[in-house]
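Residue-level structural notes
Single-letter residue listing:
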Amino acid sequence: MPYDVIVVGAGPAGSIAAHDCVRAGLKTLLLEKFTLPRNKACGGAVMFRGLHILKGQFPESLVEQKIHGLRFMLSNGDSAEFKSDKMLGITVFRNRFDEFLARRATRAGAELLEVARATGVLLSREGVAVQLSDGREFTSKFVVGADGVNSTVARCTGLRPERKDLNRVGLGMESDFHVGEDGVLKATTGDPSILLLVPVENRVSYGWVFPKKEHLCVGIAGVAAHMQRLRPIFDSFVAKMEKKLGVRLNSTKRRVHFLGADGVTSRNVTTRVILVGDAAGFVDPMMGEGIAYAMKSGVHAARVITNAFEDNRSDVEYLEWYQRLCSKEFGANFRMAEWAGLRGTSFTESVLSRASGQPLASEILTMLARGEIGYSEIPQTVVKNLPRELPRLLRRVVESRVSGSPRKGS
Ligand SMILES: Cc1cc2nc3c(=O)[nH]c(=O)nc-3n(C[C@H](O)[C@H](O)[C@H](O)COP(=O)(O)OP(=O)(O)OC[C@H]3O[C@@H](n4cnc5c(N)ncnc54)[C@H](O)[C@@H]3O)c2cc1C
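The structure contained in this document is the topic of the report that follows. (Residues numbered from 1 in each chain as written. Predicted model: local features only at pLDDT ≥ 70, side-chain atom pairs only at ≥ 80, totals over all residues.)

Section: the overall build of the chain
Looking only at helices and strands, the chain features twelve helices and 18 strands. At 22 Å, the chain has a C-alpha radius of gyration in line with the 22 Å of a compact globule built from 410 residues. If you line up the chain on its principal axes, its C-alpha atoms span 75 × 50 × 40 Å. Out of the 410 residues belonging to the chain, those deemed buried represent 45%. (Helix = DSSP H or I, 4+ residues; strand = E, 2+ residues; numbered from the N terminus. Rg over C-alpha atoms; globule rule 2.2 N^0.38 Å. Buried ≥ 20, exposed ≤ 12 C-beta atoms within 10 Å, placed from the backbone.)

Here is the structure:
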């Protein structure tokens, strides 16, 4: 076999998988259907949970803003804010961030082939053949399907159906509006380290304004089945944000893309094949966050394939180890996010407004963003810290009884 591993798709999941495979000594080919840098519809918020995989080794020039907090705009006009001294993540332009990851893989020794669109994947006893749209064919012992939410690898190997269930996948639209540094400062009331999340009407789950150096990324996302009139909903959200933030958002190119789903409840491996990132559906079902999960799944896929080589195995039973690693790491987060999402905006808003300004809530958010705890560990983290927080909570209850309304942050 000319290659040990072929990775299809040079997004964050594929480039991390290719990098780690080649670093483990495997002959690795990375296929990308576009020329890099390529655009990708995305808010560009990369949580520390994923970033730490790079061990701080990325150029400062990729960092648009360092994220230190989140502000949720509530439908009653109030907002709930959580801030931290620690960095929660960064905002980036996806074209530059993704190209950096792909070049990092090639610097480690992976071969990158651009303008190489995979159209077929054929499994045989000896290995896997990946066919390209221009008729070329490459063979390897393993294939990593990192080709995003419309994954060809997933369809060709029977891991996903031909047609998407629009009730099960997300759809999002976003644009980067150039407002200049002054515009960014004005829109963020002087603090561009805070990501703004906003509820949107029409059953769209949420909208966002993510500050970059000179741009504001404004976007909306929700369940695809509810997003038929995506463009007018997006335009009205942009107009609302323009008014709210006091900056002019001049019309610019809108980008639209599906979001993956059902990652931990679906099969992501078959003989010689592993799906990663959006191809597998590893996206937070409430927030639509997927970059960190894509990067982590790339790490897990490379680890399992490297071990499979050493153990001379390529069967599905062996590769199910990957499935277990991802379920263990992401499963509880996704289940909790789905549970909260199903309870609707009013539930989320009532939790957020109660938690707003509470130091413990900001600490928990920081731990989540940095990957120190998962969503499922929130209750035990609260309980562990309760003795420390109790006097403050009691004071808050007493004060709210006296004044008749809850005070935030006291
Ligand atoms: C509107 C929107 C906003 C989002 N905002 C955020 C955010 O702020 N933060 C966050 O964490 N997540 C966000 N996400 C989710 C995030 O973009 C994805 O989870 C992430 O890009 C997944 O990475 P990936 O490497 O799996 O796939 P992708 O980034 O989609 O990369 C797949 C790659 O495969 C290539 N490819 C596809 N088909 C083929 C083929 N047949 N042959 C060869 N190459 C192929 C593509 O060109 C692409 O380069 C957002 C998603 C959307 C839609």
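Following the structure, the description resumes.
Here we look at the nonpolar core
The biggest cluster of nonpolar side chains holds 114 residues, and the ones touching the most others in it are Ala17, Val144, Ile274 and Val276. Those residues in contact with Val144, other than ones at most four positions away along the chain, are Val5, Val7, Val8, Gly14, Ala17, Ile274, Val276 and Ala301. (Core = buried A, V, L, I, M, F, W, Y, C linked by C-beta atoms within 7 Å. Contact = placed C-beta atoms within 7 Å.)

Side note on the sheet that holds strand 15 (residues 215-223)
Sheet strands associate in pairs through backbone hydrogen bonding, adopting either a parallel or an antiparallel arrangement. Spatially, the seven strands line up as an open sheet ordered 6-5-13-14-15-12-16, and their pairing is mixed. Of all the strands in the sheet, the pair left with one neighbour each is strand 6 (79-83) and strand 16 (255-259). Strand-to-strand twist of the sheet, defined as the mean angle between neighbouring strand axes without regard to direction, takes the value 20°. Looking at chain direction, strand 5 (residues 69-73) and strand 6 are connected through five bridges and run antiparallel. Each bridged residue has a counterpart across the sheet, and for Gly69 the counterpart in strand 6 is Lys83. Against the sheet, helix 6 (residues 230-245) touches strand 12 (170-178), strand 14 (206-211), strand 15 and strand 16, its axis set at about 135° to strand 15. (Pairing = 2+ DSSP bridges. Axes fitted to C-alpha atoms, helices over the stretch in contact; angles between N-to-C directions.)

Here we look at the site of the ligand
Taken together, 40 residues surround the ligand, and among them Gly9, Gly11, Gly172, Gly277 and Gly290 come closest. The set of elements that each furnish at least two residues to the shell around the ligand consists of helix 1 (12-23), strand 12, strand 15, strand 16, helix 7 (277-280) and helix 8 (291-310). Tallied by class, the residues present in the shell around the ligand amount to 18 nonpolar, 13 polar and nine charged. Each of domain 1 (3-44 + 93-165 + 261-340) and domain 2 (170-258) accounts for three or more of the residues forming the shell around the ligand. (Near = placed C-beta within 6 Å. Nonpolar A, V, L, I, M, F, W, Y, C, P; charged D, E, K, R; others polar. Domains from an automatic or database assignment.)

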